Amino acid sequence: MPVYAFQTLSNSQLGRPATSIATGTFTVSGTPQIMQIQDNDTVFDDEATHGGETLDRSQQTLAVPFAGAPAGRVAQSVYRYKVTNNTTGETGTGYLIRIYTGTNPSAPGAQFGEYYNSFTIPVMAGQSITLSAGNYVGQVPYSNLFICFAGGTRILTDRGEVRIDDLRAGDKIATRDNGLQPLAWVGRRVVPAIGAQAPVQIAPGILGNHSALTVSPNHRMLVEARSADLYFAEREVFVSAKHLVGSTGISQQAGGHVSYQHLLFERHEVVFANGAPSESFFPGKAALNSLEAEVQAEVYDLFPDLRAVKSRAFDRTARLCLSRHQAAVLSRAIA
């Protein structure tokens, strides 16, 4: 069955009692957790008998352990709210999630732990939100729930590893080739996590990463292998994450939205994300065209040479970048 992933915050992270469904204004704390649900349909259901629910006993269970609950436990979306992010001004819908002790959707057992909350808009630590107009109609398509895969990635800096969400221009970032370098620009963009924009997830230890790492499909990871030297006269090469999908521990996951974050320096650099060497943002034509107009303008203000047709501000990448065919050759050689 398909697995759907989305971002959640516990009741405790909203500052309310563990099993409360109360409305009100709350200040968010802590790091959101990603819940993964295995389901035989595309809707996160509430199997209770309150008025308005669609009672279909769908086979929705935890795909992996979550907050102490083992995989296979039943989970349901049992309540909905109107949510207002008072910090950003965005409005959307919030859903209250209950995990059960049982594994049978027809007889799920008692509640396991506290309630969790998922939203259709971004909700992050430090922000103020208001939950209002609650009701018991909890059904929601998984595709509507917000997922922030890339947020939370930890980048190596002069202060140790720092969450990418907390980085700002001027911060000193550790690079593989040029030591500590000041960050020129940080870009963030939320997009639907579907089709070609669905994020790629890399399991711990696959590319030197100490924990799971999620990147955009076109983000290039540094791969070191003797066979790379043999085929391409380079010991280290860049491979787009989408060209690594299907390799052990690397998969593409769709559902909800994703927040992609870009780090730009005076030159293309190799940085360390969750311990794995990967590229900084390379403002080539295709990359710039993918940015919204106001974001492009910000990059051009920092690097006016990029406006020139034959700009030399970023005339080469930090490593050789393999094509899909070349990546396939390398993958077969190191398999």
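Residues numbered from 1 in each chain as written. Predicted model: local features only at pLDDT ≥ 70, side-chain atom pairs only at ≥ 80, totals over all residues. Heavy atoms only, no water.

### Digging into the pattern of salt bridges
Here is step 1 of the chain: Enumeration according to the criterion identifies eight salt bridges in this entry.
Here is step 2 of the chain: With a shortest N-O distance of 3.3 Å, E269 and R267 are connected by a salt bridge.
Here is step 3 of the chain: Residue E269 is classed as buried on the basis of its relative accessible area of 0%.
Here is step 4 of the chain: Among the charged side chains, a network of salt bridges with common partners joins R176, D177, E224, E236 and R319. (Salt bridge = Lys/Arg side-chain N within 4 Å of Asp/Glu carboxyl O. Buried < 20%, exposed > 50% of the residue type's maximum accessible area, 1.4 Å probe, protein only.)

### Quick word on helix α4 (residues 293-302)
Here is step 1 of the chain: Here α4 has its buried residues at V295, Q296, V299 and Y300. Around the axis of α4, the buried residues are gathered within 140 degrees of arc, so they sit on the same side. Those residues of α4 that are exposed and aimed more than 90 degrees away from the buried face are E294 and D301. (Helix = DSSP H or I, 4+ residues; strand = E, 2+ residues; numbered from the N terminus. Arc of directions from axis to C-beta.)

### Focus on the pairing of strand β12 (residues 160-163)
Here is step 1 of the chain: Direction of pairing for strand β11 (residues 154-157) relative to β12: antiparallel, over a ladder of four bridges. Pairing of R154 across the sheet is with R163, part of β12.
Here is step 2 of the chain: Taken together, β11 and the strand that follows it, β12, pair antiparallel across an intervening segment of two residues. (Pairing = 2+ DSSP bridges.)

### Quick word on the nonpolar core
Here is step 1 of the chain: Judged by nonpolar contacts, the single largest core of 29 residues is most densely connected at L167, I202, M221, V239, L263 and L330.
Here is step 2 of the chain: Leaving out residues up to four positions away in the same chain, I202 has contacts with L207, N209, S211, A212, L213, V215, M221, G249 and I250. (Core = buried A, V, L, I, M, F, W, Y, C linked by side-chain atoms within 4.5 Å. Contact = heavy atoms within 4.5 Å.)

Without other data, these values stay purely geometric and don't point to any function.
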